[in-house]
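Close look at the chain arrangement
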Amino acid sequence: MLRPDATLSPMPHPLLDYAPEVAQALHDAQPVVALESTIISHGMPYPQNVQTAREVEALIREAGAVPATIAVIAGRLKAGLSEGELDIMGTDKSVQKISLRDLPGTVAQARHGATTVATTMRVAALAGIRVFATGGTGGVHRGAAQSFDISADLMELARTPVAVVSAGVKSILDIGLTLEYLETQGVPVIGYGVREFPAFYSRESGFLSPLMATGAPEVARALHAQWSLTLPGQSGGGALIANPIPLEAEIARREIDPVIEQALSDMAALKVTGKDTTPYLLGRIVEITGGRSLVANIALVKNNARVAAEIACELALMGK
Ligand code: PSU
Ligand code: MN
């Protein structure tokens, strides 16, 4: 069973490679923050994707933690990427978006894969990393009653002990049903400094987070309590830290909602379904907003990275 403290010694795993600084930090019980790679390969266009990934890593270092970007390279799980590996994620068109069901095949066939939130959580947990920063998480898609399209991110939040810092979920999803699903699965959702659950581009969603924390120490205490309450044989599960986009970067709901409606109807006309929906919608929203949504996306990812580093630092202090 995983210990409730923040960092664990790097756990050797036959399929997993650690970047040297990540292995060192875990060995020394120093704070580490995992980052996903789908956001690089399928969430943003080149070159902003690679540039943002590097800037996010730098921000985490400035905040006193070590970044560990997670990906699959030639079938090897990676906790921490070299410069060249990060470039592969940002430019190589053969890199597929891999959710959890795709991970074994990607490993077995020695392919490259960009990890979603669900897959990043799994690899982070295998690597002994407890805190993960992303942009937005997947959720229950609109129309899920017909399509059954519910992101594997939600199931992984239920079963894998990693805290995910995100700017909430976009209203391309059904936010109310996403929160219901998280409640059913027993996943704590903690509003970071705000009570209202954020909607990615906007700080407002019309829904409340069930719990609010005013800062990183409070989040760390909640996580510590959660993981201390784990029964033998269980993992303790994940948590969603809902951190709103900074005010100055926000796109108000009344502005972004019609854009999202437009993107959804364009998607329906093109019959895009399944795992291609989120990348299609993100790209279309960037087009319709003339790049403004990309600026917002970059700002919120950086903000999440900073908060995740602070939480990782607090957890590391508590673990000592
Ligand atoms: N939301 C974003 N950017 C992203 C994603 C979501 O704003 O890049 C990605 C994340 O990797 C997330 C995934 O885990 O999409 C969810 O995809 P799906 O709904 O197919 O599970
Ligand atoms: Mn899906």
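Along every chain, residues carry numbers that run from 1 in the direction the sequence is written. Each chain takes a letter, starting from A, and each ligand takes a number, starting from 1, following the order in which they are written. Only residues with pLDDT of at least 70 get local features here, since the model is predicted, and only at 80 or more are side-chain atom pairs given and counted; chain-wide, interface and lining totals rely on the full set of residues. Think of the side-chain values as coming from all heavy atoms in the structure, minus any hydrogens and water.

**A look at the overall build of the protein**
Of the regular secondary structure elements, the protein holds 13 helices and 11 strands. The quantity called the radius of gyration is restricted to C-alpha atoms. Its globule counterpart is 2.2 Å times the number of residues to the power 0.38. Computed over the C-alpha atoms, the radius of gyration of the protein is 18 Å, within 12% of the 20 Å expected from 2.2 N^0.38 for a compact globule of 320 residues. Dimensions of the protein, computed from the C-alpha atoms along their principal axes, are close to 50 × 40 × 35 Å. Only protein chains enter the area calculation, which uses a 1.4 Å probe; residues under 20% of their type maximum are buried, those over 50% are exposed, and those in between are partly exposed. The proportion of buried residues among the 320 residues of the protein is 54%. We call two residues in contact when some of their heavy atoms are within 4.5 Å. Counting contacts in the protein only where the partners sit at least 6 residues apart, residues at least 24 apart contribute 74% of the total. Using the Shrake-Rupley algorithm and a 1.4 Å probe, accessible areas are obtained, with residue cover drawn only from the displayed protein chains. Surface summary for the protein: the accessible area is close to 13,000 Å², and the carbon and sulfur share equals 57%. Neither His nor the chain ends contribute to the count of charged residues, in which Lys and Arg are positive and Asp and Glu negative. Charge positions come from single atoms, namely NZ of Lys, CZ of Arg, CG of Asp or CD of Glu. Here the protein contributes 26 positively and 32 negatively charged side chains, and the mean placements of these two sets differ by 3 Å. Where helices and strands are cited, they refer to DSSP runs of H or I of at least four residues and of E of at least two residues respectively, numbered from the N terminus.

**Focus: unusual backbone geometry**
With an omega of 5 degrees, the peptide bond running from Tyr46 to Pro47 counts as cis. Within the secondary structure layout, Pro47 lies in the loop between helix H2 (38–41) and helix H3 (48–62). For Ala110, which is not a glycine, the phi torsion comes out positive at approximately 55 degrees. Here Ala110 lies in the loop between helix H5 (103–108) and strand E6 (113–115). Using a relative accessible area of 45% as the deciding quantity, one classes Ala110 as partly exposed. The phi angle at Phe200 is positive, at roughly 65 degrees, despite the residue not being glycine. Taking relative accessible area as the criterion, Phe200 reaches 2% and is therefore assigned buried.

**Considering the site of ligand 1**
Looking at ligand 1, there are 16 residues lining it, with Glu36, Val117, Ser151, Asp153 and Lys170 nearest. Any pair of N or O atoms that falls within 3.5 Å is considered a polar contact. Within protein, one atom must be able to donate a hydrogen and the other to accept it, and sequence-neighbouring residues count only if both atoms are side-chain atoms. Between ligand 1 and the protein, one listed contact pairs an oxygen atom with a side-chain N or O atom of Asp153 at 2.7 Å. Across the complex, the protein chains shield 95% of the 470 Å² of accessible surface that ligand 1 would expose by itself. For the shell around ligand 1, the elements supplying multiple residues, two or more each, are H2 and helix H12 (277–288). Being near a molecule or strand, for a residue, comes down to having at least one heavy atom within 4 Å of it.

**Looking at the confidence of the model for the protein**
When pLDDT is averaged along the protein, the result is 95; 97% of the residues meet or exceed 70. The quantity known as pLDDT measures the predictor's confidence residue by residue, on a range of 0 to 100. Low pLDDT (under 50) marks residues 1–7, which in the prediction has 27 contacts with non-local residues, meaning those over four places away or in another chain.

**Here we look at the pattern of salt bridges**
Between side chains of opposite charge, a pair can form when the charged atoms approach closely. Basic side-chain nitrogens of Lys or Arg form a salt bridge, by our definition, when they fall within 4 Å of a carboxyl oxygen of Asp or Glu. All chains considered together, the criterion is met by 16 salt bridges. For Asp17, the salt bridge is made with Lys78, and the minimal N-O distance between the two is 2.8 Å. In this pair, Asp17 sits in strand E1 (residues 16–18) while Lys78 sits in strand E4 (residues 76–79), placing the two residues 61 residues apart along the sequence. Note on Asp17: relative accessible area 22%, which makes it partly exposed. Judged by relative accessible area, Lys78 falls into the buried class, the value being 12%. Here the residues in one salt-bridge network are Asp17, Arg76, Lys78 and Glu85, joined through shared partners.

**Focus on the environment of Met121**
Here Met121 shows up in helix H6 (residues 117–127). Excluding anything up to four places from it in sequence, Met121 contacts Phe132, Glu156, Leu157, Thr160, Val162, Val164 and Gly238.

**Observations concerning the nonpolar core**
Generally speaking, soluble globular proteins have nonpolar side chains that are buried together. Counting residues in each nonpolar core, the largest one holds 102 residues, and the members touching the most others are Val22, Ile129 and Ile311. Sort the elements by how many residues they give to this core and helix H13 (residues 292–319) lands first, with 12 residues. Excluding residues within four positions of it along the chain, Ile129 makes contact with Val22, Leu26, Val32, Val33, Ala34, Ala68, Ala124 and Val162. Take the buried residues of types Ala, Val, Leu, Ile, Met, Phe, Trp, Tyr and Cys, join any two whose side-chain atoms come within 4.5 Å, and each joined set is a nonpolar core.

**Considerations on the packing of H6 against helix H8 (residues 152–159)**
To define axes, lines are fitted to C-alpha atoms, for helices over the stretch in contact only, and angles between the resulting N-to-C directions are given on a 0 to 180 degree scale. Following both chains from N to C, one finds H6 and H8 inclined at 25 degrees, their axes separated by 7 Å at the closest point. Here H6 is positioned roughly parallel relative to H8, judged by the angle of their axes. Facing H6, whose interface residues are Val117, Ala118, Met121 and Arg122, H8 presents Ala152, Asp153, Glu156, Leu157 and Arg159. A class-by-class count of the residues in the contact of H6 with H8 yields five nonpolar, no polar and four charged. By definition in this entry, angles of less than 35 degrees are roughly parallel, angles greater than 145 are roughly antiparallel, angles of 65 to 115 are roughly perpendicular, and the rest are oblique. Residues are grouped as follows: nonpolar covers Ala, Val, Leu, Ile, Met, Phe, Trp, Tyr, Cys and Pro; charged covers Asp, Glu, Lys and Arg; every other residue, Gly included, is treated as polar.

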